[in-house]
Amino acid sequence: MTGWLRQHGFALGSALVHVRRAPGSFLFNILVVAIALALPFAGVTVLDNVRPMSEQLSVDPELSVFLKQDLPREHAQGMAGSLRAVAKDARIVFVPREAALAELQDKNGLAGVIDTLGDNPLPDSYVVKLNAFQSAAQSAHVDEVAEQLRAIPGVESVQVDSAWVKRLAALLGVLRMGLLLLAATLGTVVIAVVFNTIRLQVLTQREEILVLRLIGATDTYIQRPFYYTGALLGLCAGAAALGAVALSLRPLNTAIAEFARLYASEFQLSPLEPLAMALLLALSAGLGLVGAALSVRRQLARLS
């Protein structure tokens, strides 16, 4: 174990020596890779902040069943059984037209406008609260129940009040898939940049590598410093990308605060948790390591 640690310590020291020989080139490569990583890191930050809010909004789906205006009150109150036969295990609440009008006046401050209409324009209705949907199949079940409720005699219309929740979930799914494709594309860019960086470094150290082979150095021994160089490049670029995203949150939150205030919200973007940052840094270092491994093995094979 001591010998293994000594070998890796020597390889890391050699990688740092190579970096010190051309710091400008190394910093420029960090900048290029950091730019490629900043966009998916920013997307992960946004989705991580939106996810708790979307989970909080994912309430039980509700259906508002509006009855015909001329339906007698006794008949309207007796339709609960017909509704329950369609929406089993649902919570069904009867809302008289008078209660609906009073709620509308209280919430919107439209008492003066509604008074000009004379008679109450609202019909009796029912609120049918189903179980929360967690999948596309259950979401389709909500639409099926709505269609069956519309077919009941005496029902004028049925409104799915939580349809916007499904739209939000679908939108977040699209954003996650788009972010995944973007991350895969930019990850390929990172590997390509590291690949080219290590290729140039191998070419500049060609004579040194040939001498090492003459004195019996194995390919693993020769490759190890280049692996560390690629991993360091990915790690430093990931840290720079996370730093850039964190710095951009302050001006972005200023703009978001103005928008959120219009909706009586205090939503703000916050940095990722330390564990998430560590995972992203490990991913960045891994991409650099992959690019270095692909490059150095190919270049050493050509030198054989």
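Residues numbered from 1 in each chain as written. Predicted model: local features only at pLDDT ≥ 70, side-chain atom pairs only at ≥ 80, totals over all residues. Heavy atoms only, no water.

### Side note on the overall build of the protein
Then comes step 1: Scanning the protein from N- to C-terminus turns up 11 helices and 4 strands.
Then comes step 2: Within the span of the protein, comprising 304 residues, buried residues form 36% of the whole.
Then comes step 3: In the protein, of all internal contacts separated by at least 6 residues, the share reaching a separation of at least 24 is 83%.
Then comes step 4: On the protein, roughly 17800 Å² of surface is accessible, and the fraction owed to carbon and sulfur atoms is 64%. (Helix = DSSP H or I, 4+ residues; strand = E, 2+ residues; numbered from the N terminus. Buried < 20%, exposed > 50% of the residue type's maximum accessible area, 1.4 Å probe, protein only. Contact = heavy atoms within 4.5 Å. Areas by Shrake-Rupley, 256 points an atom, 1.4 Å probe, with all protein chains shown as cover.)

### Thoughts on the confidence of the model for the protein
Then comes step 1: Here the protein averages 80 in pLDDT, and 83% of its residues register 70 or above.
Then comes step 2: Across the protein, helix α11 (residues 274–303) holds the top mean pLDDT of 89, while helix α6 (residues 111–115) sits lowest at 56. (pLDDT = per-residue confidence, 0-100.)

### A few points about the pairing of strand β1 (residues 62–67)
Strand residues, when the strand is regular, have side chains that alternate between the two faces of the sheet.
Then comes step 1: Pairing of β1 with strand β3 (residues 125–129), which is carried by 5 bridges, proceeds in the antiparallel orientation. Opposite F66, over in β3, you have S125 as the bridge partner.
Then comes step 2: Bridge count for β1 against strand β4 (residues 155–160) is 5 bridges, and the pairing is antiparallel. Residue pairing for β4: L67 is matched across the bridge by V155. (Pairing = 2+ DSSP bridges.)

### What to know about the pattern of salt bridges
Then comes step 1: Under the defined criterion, the tally for this structure stands at 4 salt bridges.
Then comes step 2: When the shortest N-O distance is used, the salt bridge between D124 and R73 registers 3.0 Å. With D124 in the loop between α6 and β3 and R73 in helix α3 (residues 73–77), this residue pair connects regions lying 51 residues apart in the sequence.
Then comes step 3: Residue E147 is joined to R150 by a salt bridge in which the shortest nitrogen-to-oxygen separation is 2.9 Å. Linking E147 with R150, this pair stays in helix α7 (residues 136–150), spanning 3 residues, or about one helical turn.
Then comes step 4: When salt bridges with common partners are traced through the structure, they connect R73, E98 and D124 into a single cluster. (Salt bridge = Lys/Arg side-chain N within 4 Å of Asp/Glu carboxyl O.)

### With respect to the UniProt feature "transmembrane region" (unreviewed entry) in the protein
Then comes step 1: The UniProt record annotates "transmembrane region" (unreviewed entry) at residues 26–47, 174–198, 226–249 and 275–296.
Then comes step 2: Regarding residues 26–47, the helix share stands at 100% and the strand share at 0%, and the terminal C-alpha atoms are separated by 31 Å. (UniProt positions renumbered as here; feature names shortened; annotations may be inferred.)

### A word on the side chain of T197
Then comes step 1: Along the chain, T197 turns up in helix α8 (residues 163–204).
Then comes step 2: Judged by relative accessible area, which is 15%, T197 ranks as buried.
Then comes step 3: A polar side-chain atom of T197 sits 3.3 Å from a polar atom in the side chain of N29.
Then comes step 4: Setting aside anything within four residues of it in sequence, one finds T197 in contact with N29 and L233. (Polar contact = N/O pair within 3.5 Å; in protein donor to acceptor, adjacent residues only side chain to side chain.)

### Looking at the pairing of β3
Then comes step 1: Across the 5 residues that make up β3, a large majority, 4, are buried.
Then comes step 2: The pairing of strand β2 (residues 91–95) with β3 spans 5 bridges and is antiparallel. Paired with R91 across the bridge in β3 is K129.

### So, the packing of helix α10 (residues 219–261) against α11
Then comes step 1: Close contact between α10 and α11 brings their axes to 7 Å; oriented N to C, the two are set at 145 degrees. Every pair of crossing elements has a handedness; the one defined by α10 and α11 is right-handed. Judged by residue contacts, D219, I222, Q223, F226, Y227, G230, A231, G234, L235, G238, A239 and L242 of α10 engage M277, L280, L281, S284, A285, G288, L289, A292, A293, V296, R297 and L300 from α11.
Then comes step 2: Residues that form the contact of α10 with α11 fall into these classes: 16 nonpolar, 6 polar and 2 charged. (Axes fitted to C-alpha atoms, helices over the stretch in contact; angles between N-to-C directions. Left-handed = near helix turned anticlockwise from the far one by under 90°. Nonpolar A, V, L, I, M, F, W, Y, C, P; charged D, E, K, R; others polar.)

### Some points on a nonpolar patch on the surface
Then comes step 1: Residues F28, L31, V32 and I35 make up a contiguous nonpolar surface patch of about 390 Å² in total accessible area.
Then comes step 2: Looking at the secondary structure, you find V32 in helix α2 (residues 23–57). (Patch = residues over 30% accessible without salt bridge, like charges linked within 9 Å, V, L, I, M, F, W, Y side chains within 5 Å.)

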